[in-house]
Amino acid sequence: MNDGSPWPALEHIAYGGDYNPEQWPRETWHEDVRLMREAGVNLVSIGIFSWALIETEEGVFDFEWLDTVIDLLHENGIAVDLATPTASPPAWFFAAHPDARVVDRDGGVLGFGSRGMVSHSAPAYRDAVVRIASALAERYGDHPAVLMWHVHNEYGVPVAEDYSPHAVAAFRDWLRERYGSLEGLNEAWGTAFWGQHYSNWEHVGAPAAAPTTVNPAQRLDFKRFSDHQLRACFIAERDAIRAHSDKPVTTNFMANQEFTTDLWAWAREVDVVSDDHYLTAADPEAHIGLAIAADLSRSVGGGRPWMLLEHSTSAVNWQPRNIAKRPGEMARNSLAHFGRGADAIMFFQWRASRSGAEKFHSAMVPHAGTDSRVWREVVQLGASLGRLAESRGSRVRANVAILWDFESFWAQSLEWRPVQDLDPRERIRAFYERLWRDGITVDFALPGADLSGYKLVVAASQYLLRNDDAANLTRYVAGGGTLVVSYFSGIVDEHDAVHAGGFMAPLREVLGCDVEEFLPLRTGSSAAVDYAAGDGTSHRLDADEWADDLRITSAAVRGTYAEGPGTGKPAITRNEHGRGTGWYVSTRLDADALETVMGDVYADAGLAPAGLPEGVEAVARSGEAGDYLTLVNHSDADAEVPVDGVDLLTGAATGGTLQLGAGGTAVVRLAR
């Protein structure tokens, strides 16, 4: 059945996780498949860290144990996501190729005993990954159990940047191709500053540690280069697999958790987007961060169904304080991902490891065994997902986009900014949280994308903005769109150079203002804004962190600083441009303070809050078989939700109103 899902061979939502049978005696393998069947598991990822056991020495392969595992899984109706184990080269590889070790920014050489500690620019590594990917694909490309391919593991984690001689040489080649000449390089990097002019390509190096801050344009390009090198390794493996297999190829992203790879570029290279997501234990509303990651995974994949390839049944082991999930939280997390477009719900890992660095990480089969709450919830979740088969391939539609640009994040996070710890993710979280609380579904988008299908676009953190992208945003508003821009946006071009015309110059036309000077607040101090709402009421809004000294050209001032360094100056503006409006918010408002402002923004965009009970998350998916509303109650109170249809999890009709218990979930096929 090809219903739009990227793995049509499965009849249900994919359910399972990373399976590492090599850590266990063979008699345990038979117990594993029996328990997998009990839990409703239909897909497992295998071989992720097994290079040393597959290629026992260079060019010598032992497939016997892997043959046995794959055949056993197939006999029990469990499909395989077969990995290339290239995130962890064997000890023999580093003994034979010591030059392939990573060199860090301070010049230290990283040793063996971890994972991801290899230079992605080393020719020996490139040859080795193609060799083992080819061998695996040639042997298993037609095996009926192998549903798809899983290349490497979490590219860029824990090492994204390598400063080894191999990387430096490759960086020079990358720069030659990018700029064509040293004149072009010098201009792009602004090397006239601090006398950094280059007259010989051999003098150009990686931006290693130096006495003080290194050229920011050079550092930004090195981040682009490092991402390119990681992706080139993936492409080499993917193409080696495709020479022997036509099954889909993926690699696991870490959306909203790691920012070393440009997921927009990566998504163009995979057959299906997959993501690993782990709650931030220190965040009391970590389910909002989860929603961001899920929406980003869906967005980079163009809205197609995607895979949650890893998450946890309970606590992880690598955060400062690792919090166990409450009863029912695993199901809430899983169904929140499903609601936002995931057609696969999988975990790290199947059985908890007794040894190694992740032995305290939760698993589907915990150390406590099957007489445990976690195992009972794993079995219950498998049954619930089994009832959602008809929804496979359905899609989420959104009327709002938040701009998400990895290159801008990389640039903003470099040294010597007006505020050193100005985190671009913080502003995105604040605006997203407001939209989440208002029950409005969000896509993420690049500033140069076709935005015409969105009623509202939010540029919450767009420090780097190319002129062409600014023109795209201007056209979007002129065509009738509503744009909200937050502070420290539109500041530099793609080379981290301040725009000609000053701060925010490329957005002057659409916003009707620009920035004369930044007015950041002292640590611990606050500001306040007097805001005149569209309904004629006045509001005092708390603000902190940042203020701008704005120059108004055509915008109407809707908010004025009542306290802080900008007292008496414009703080929030609204500008009519063409058939649309452009809003500018020049200070930091939290999600609560944004409620009043965004109410007026919604009015311009033709949107309205969904009116959901507090703490209830609702996201709709639509497909040929029907429309589905996923409801997750993150609160400790029962909720009543108006909805007409059938809850697929229970089979009960809602009768127009659903009683959603505290911590409860539902997936309602809406009445038509």
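That block above? That's the structure.
The paragraphs below set out a description of the structure included in this document.

### Remarks on helix α3 (residues 64-75)
Compared with the 16 Å implied by 1.5 Å per residue over 12 residues, the 17 Å span of α3 between its first and last C-alpha is a close match. Within the span of α3, buried status applies to W65, L66, D67, V69, I70, L72 and L73. Packing partners of the buried residues in α3 comprise β1 (14-19), α1 (26-39), β2 (43-46), α2 (51-54), β5 (79-84) and α5 (123-140). Immediately beyond the C-terminal end of α3, within one or two residues, lies G77, with a positive phi of roughly 75°.

### Digging into the sheet that holds strand β7 (residues 249-250)
Sheet architecture is open: nine strands sit in the order β7-β6-β5-β2-β1-β11-β10-β9-β8, paired in parallel fashion. Edge positions in the sheet fall to β7 and β8 (252-253), since each has one partner strand and no second. In terms of strand pairing, β8 meets strand β9 (residues 274-276) through two bridges, oriented parallel. Within the sheet, the bridge partner assigned to F253 lies in β9 and is D275.

### Concerning the sheet that holds strand β29 (residues 665-670)
With respect to topology, five strands assemble into an open sheet ordered β12-β24-β25-β29-β27, the strand pairing being antiparallel. Only two strands of the sheet have a single neighbouring strand rather than two, namely β12 (395-396) and β27 (645-647). For β27 and β29, the ladder comprises three bridges, and the chain directions are antiparallel. If you follow V646 over to β29, its bridge partner there is R669.

### Describing the nonpolar core
One broad trend across soluble globular proteins is that nonpolar side chains are buried collectively. I46, L73, W404, L456 and I572 are the most contacted members of the largest nonpolar core, which has 167 residues in total. When residues of this core are assigned to their parent elements, the largest contribution, 10 residues, is made by α5. By size, the runner-up hydrophobic cluster in this structure holds 20 residues, among which are Y163, V168, L185 and V204.

### A closer look at the side chain of S164
Inspection of the secondary structure assignment puts S164 in the loop between β6 (146-151) and α6 (165-179). With a relative accessible area of 1%, S164 lands in the buried category. A distance of 3.5 Å separates polar atoms of two side chains, one belonging to S164 and the other to S119. Once you skip the residues sitting within four places of it in the chain, S164 turns out to touch R101, V103 and S119.

### A closer look at a nonpolar patch on the surface
A surface patch of nonpolar side chains, amounting to about 420 Å² of accessible area, comprises F193, W194 and W416. Its place among the elements puts F193 in the loop between α7 (182-189) and α8 (216-242). According to the relative accessible area criterion, F193 is exposed, its value standing at 53%.

### Focus: the pairing of strand β11 (residues 342-347)
The element β11 is largely enclosed, with a buried count of six among its six residues. Relative to β11, β1 runs parallel, the two being bridged by four bridges. Bridge assignment links A14 to a residue of β11, and that residue is A344. Judged from the three bridges that link them, strand β10 (residues 306-310) and β11 form a sheet pairing that is parallel. Residue pairing for β11: L308 is matched across the bridge by I345.

### A few points about the packing of α3 against α5
The interhelical angle for the contact between α3 and α5, taken along N-to-C directions, is 45°, at an axis separation of 12 Å. Classified by the angle between their axes, α3 and α5 sit oblique to one another. Of the two possible hands of crossing, α3 and α5 adopt the one that is right-handed. For the pair α3 and α5, contact is made by L66, D67 and I70 and by L136, R139 and Y140, respectively. Looking at the contact of α3 with α5, its residues break down into four nonpolar, no polar and two charged.

### So, unusual backbone geometry
The amide bond that connects V157 to the next residue, P158, takes the cis arrangement and shows omega of 0°. Its location among the elements puts P158 in the loop between β6 and α6. Residue Q349 follows F348 across a cis peptide bond; omega there is -5°. Inspection of the secondary structure assignment puts Q349 in the loop between β11 and α12 (373-386). Here D496, not a glycine, exhibits a phi torsion of approximately 60°, which is positive. Considering the arrangement of structural elements, one finds D496 in the loop between β16 (482-486) and α16 (508-511).

### Describing the packing of aromatic side chains
Inspection of the entire model under this criterion finds 37 aromatic pairs. When the ring of F171 is compared with that of F225, the centres are 5.1 Å apart and the planes differ by 50°; the resulting orientation is tilted. Residue F171 is found in helix α6, and its partner F225 is found in helix α8; the two are separated by 54 residues along the sequence. Of the two residues examined, F171 and F225, each falls in the buried class. Aromatic side chains W350 and W375 sit 5.9 Å apart centroid to centroid with 80° between the ring planes, which places their arrangement in the edge-to-face category. Placement of W350 in the loop between β11 and α12 and of W375 in helix α12 is noted, with a sequence separation of 25 residues between them. One exposure class covers both W350 and W375, and it is buried. Aromatic ring contacts, followed pair by pair, group Y163, F171, W174, W189, Y198, F222 and F225 into a single cluster. The ring of W24 has R351 sitting right over it, with the charged end atom 5.4 Å from the ring centre. When the ring centre of F338 is taken as origin, the NZ or CZ atom of R621, which lies over that ring, is 4.7 Å away.

### With respect to a negative patch on the surface
A grouping of D542, D590, D592 and E595 is seen on the molecular surface, where their side chains present a negatively charged patch. Residue placement: D542 occurs in strand β19 (residues 538-544). Its relative accessible area of 60% is what places D542 among the exposed residues.

### What to know about α12
For α12, which comprises 14 residues, the first-to-last C-alpha distance of 20 Å matches the rise-based estimate of 20 Å (1.5 Å per residue) to within 8%. Those residues of α12 not exposed but buried are V374, W375, E377, V378, L381, G382, S384 and L385.

### Thoughts on the environment of L422
Checked against the element boundaries, L422 lands in the loop between α13 (406-412) and α14 (424-437). For L422, a relative accessible area of 11% puts it in the buried group. Residues L422 and E545, 123 residues apart in the sequence, show an inter-C-alpha distance of 8.9 Å. Those residues within four positions of L422 in sequence are excluded, and the remaining contacts are Q412, Y487, F488, E545 and W546.

### A closer look at the side chain of N317
Position of N317 relative to the elements: it lies in the loop between β10 and α11 (329-339). A polar atom in the side chain of N317 sits 2.7 Å from the backbone oxygen of A357. With sequence-adjacent residues up to four places away left out, N317 is seen in contact with N322, A357, E358, F360 and H361.

Cut-off values and rules
Residues numbered from 1 in each chain as written. Predicted model: local features only at pLDDT ≥ 70, side-chain atom pairs only at ≥ 80, totals over all residues. Heavy atoms only, no water. Helix = DSSP H or I, 4+ residues; strand = E, 2+ residues; numbered from the N terminus. Expected span 1.5 Å × (residues − 1). Buried < 20%, exposed > 50% of the residue type's maximum accessible area, 1.4 Å probe, protein only. Contact = heavy atoms within 4.5 Å. Pairing = 2+ DSSP bridges. Core = buried A, V, L, I, M, F, W, Y, C linked by side-chain atoms within 4.5 Å. Polar contact = N/O pair within 3.5 Å; in protein donor to acceptor, adjacent residues only side chain to side chain. Patch = residues over 30% accessible without salt bridge, like charges linked within 9 Å, V, L, I, M, F, W, Y side chains within 5 Å. Areas by Shrake-Rupley, 256 points an atom, 1.4 Å probe, with all protein chains shown as cover. Salt bridge = Lys/Arg side-chain N within 4 Å of Asp/Glu carboxyl O. Axes fitted to C-alpha atoms, helices over the stretch in contact; angles between N-to-C directions. Parallel < 35°, antiparallel > 145°, perpendicular 65-115°, else oblique. Left-handed = near helix turned anticlockwise from the far one by under 90°. Nonpolar A, V, L, I, M, F, W, Y, C, P; charged D, E, K, R; others polar. Phe/Tyr/Trp six-rings, centres within 6.5 Å; stacked < 30°, edge-to-face > 60°. Lys NZ or Arg CZ within 6 Å of the ring centre and 35° of its normal. Lys, Arg positive; Asp, Glu negative; His and termini not counted. Charge placed at Lys NZ, Arg CZ, Asp CG, Glu CD.

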